[in-house]
Amino acid sequence: MRLLTTFMFTVVFTLISNGVVANGMDAFKAENYDRAFRLWFIALSEDPLNREANFGIGQIILEGLGTASANQKEGLSYLNTAVDAGSGSAALYLANTYRDGKHVRKDISKEIEYLTKADKNGINNLTARLGALYKKRDGALSAQGCKTYNKNRSSDAYNVAQCIERGHLDGRAADFFKIAFREGNVNAYLKAGKYLLD
């Protein structure tokens with residue numbers, strides 16, 4: 001009987017907690033930030049690692065929404081708790097925040113860090129954006145930049161060949177220089193010839 005009572009209490013508690021979080025999101029979407037804050041605060045008192053509540057409160061505090069005073073350090077603390085608890089949405093929000101330089105200083109390395117975490121936490125289709133950021137930060141032929149090229153895409157052949165030359169990718173550079181030449185890159189013909197004559 002005691003086990004049944006404990007189980008029922010846990011089920012009811014979980015349902016109430018989930019309802020509080022959902023109502024917090026409804027209030028946030030309706031731009032009733034103070035109500036959302038209170039509801040999410042209640043959810044955090046029951047589960048301090050609640051992803052949605054940490055994300056919501058972090059966003060409210062970081063941006064200073066409603067009657068909350070903007071506080072970068074405290075807002076980032078809640079947001080990082082959400083990310084560490086597995087929130088891909090919070091990680092993507094932080095990546096965009098660092099990209100835009102709104103509420104925090106622009107930082108391409110932080111943007112990459114949070115995009116990587118967003119990808120790990122279930123946000124899809126970030127590969128191209130990450131690739132472009134690596135190329136922008138480290139250079140198109142850096143080790144990270146080279147990982148973004150597709151060996152099966154003929155438009156990437158010249159860059160793939162150069163990455164192979166630098167030791168960032170495996171394969172025969174001459175093969176990719178030949179493909180690039182067929183795609184119209186005259187410089188690739190000379191490079192392919194160099195390899196084929198050696």
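Computed from a predicted structure; not experimentally measured.

### Regarding the overall build of the protein chain
- When helices and strands are counted, the protein chain shows 11 helices and zero strands.
- When the helices and strands of the protein chain are placed in sequence order, the string is α-α-α-α-α-α-α-α-α-α-α.
- For the protein chain, contacts bridging at least 24 residues in sequence account for 35% of all contacts bridging at least 6.
- When the accessible surface of the protein chain is summed, it comes to about 11,800 Å², and 53% of that surface belongs to carbon and sulfur atoms.

### Points about helix 10 (residues 173-182)
- Restricting attention to buried positions, one finds in helix 10 the residues Ala173, Ala174, Phe176, Phe177 and Ala180. Seen from one end, helix 10 has its buried residues packed into an arc of 165°, which puts them on one side.
- Gly184 sits one or two positions beyond helix 10 and adopts a positive phi of about 110°.

### Observations regarding the pattern of salt bridges
- With the rule as written, the count across this model stands at eight salt bridges.
- Residue Lys117 pairs with Glu113 through a salt bridge whose shortest N-O separation is 3.3 Å. On the criterion of helical spacing, the pair formed by Lys117 and Glu113 is a turn pair, its members being four residues apart in helix 6 (residues 108-120).
- Since its relative accessible area comes to 27%, Lys117 is described here as partly exposed.
- Residue Glu113 is classed as partly exposed on the basis of its relative accessible area of 29%.
- For Arg153, the salt bridge goes to Asp156, with nearest N and O atoms at 2.7 Å.
- Residue Arg153 is classed as partly exposed on the basis of its relative accessible area, which comes to 40%.
- Assessed through its relative accessible area of 10%, Asp156 is described here as buried.

### Quick word on the state of the cysteines
- Across all of its chains, the model carries one disulfide by this definition.
- Bridging Cys146 to Cys163, the disulfide has an S-S length of 1.9 Å. Disulfide Cys146-Cys163: the torsion about the S-S bond is -85°, which places it as left-handed. Of this pair, Cys146 sits in helix 8 (residues 143-146) while Cys163 is found in helix 9 (residues 157-165), placing the two residues 17 residues apart along the sequence.
- A residue is classified by how much of its surface remains accessible, and Cys146, at 0% relative accessible area, is buried.
- With relative accessibility at 0%, the residue Cys163 sits in the buried group.

### Brief notes about the confidence of the model for the protein chain
- Residue-level pLDDT values for the protein chain average 88, and 88% of them are 70 or greater.
- Low pLDDT (under 50) marks residues 6-19, which in the prediction has two contacts with non-local residues, meaning those over four places away or in another chain.

### Brief notes about unusual backbone geometry
- Even without glycine at this site, His103 takes up a positive phi of about 80°.
- As for its position among the elements, His103 is in the loop between helix 5 (88-100) and helix 6.
- The partly exposed category is assigned to His103, whose relative accessible area is 31%.
- The phi dihedral of Asn125 is positive, around 65°, even though this residue is not glycine.
- Along the chain, Asn125 falls in the loop between helix 6 and helix 7 (127-138).

Rules used throughout
- Residues numbered from 1 in each chain as written.
- Predicted model: local features only at pLDDT ≥ 70, side-chain atom pairs only at ≥ 80, totals over all residues.
- Heavy atoms only, no water.
- Helix = DSSP H or I, 4+ residues; strand = E, 2+ residues; numbered from the N terminus.
- Contact = heavy atoms within 4.5 Å.
- Areas by Shrake-Rupley, 256 points an atom, 1.4 Å probe, with all protein chains shown as cover.
- Buried < 20%, exposed > 50% of the residue type's maximum accessible area, 1.4 Å probe, protein only.
- Arc of directions from axis to C-beta.
- Salt bridge = Lys/Arg side-chain N within 4 Å of Asp/Glu carboxyl O.
- Disulfide = S-S within 2.5 Å.
- pLDDT = per-residue confidence, 0-100.

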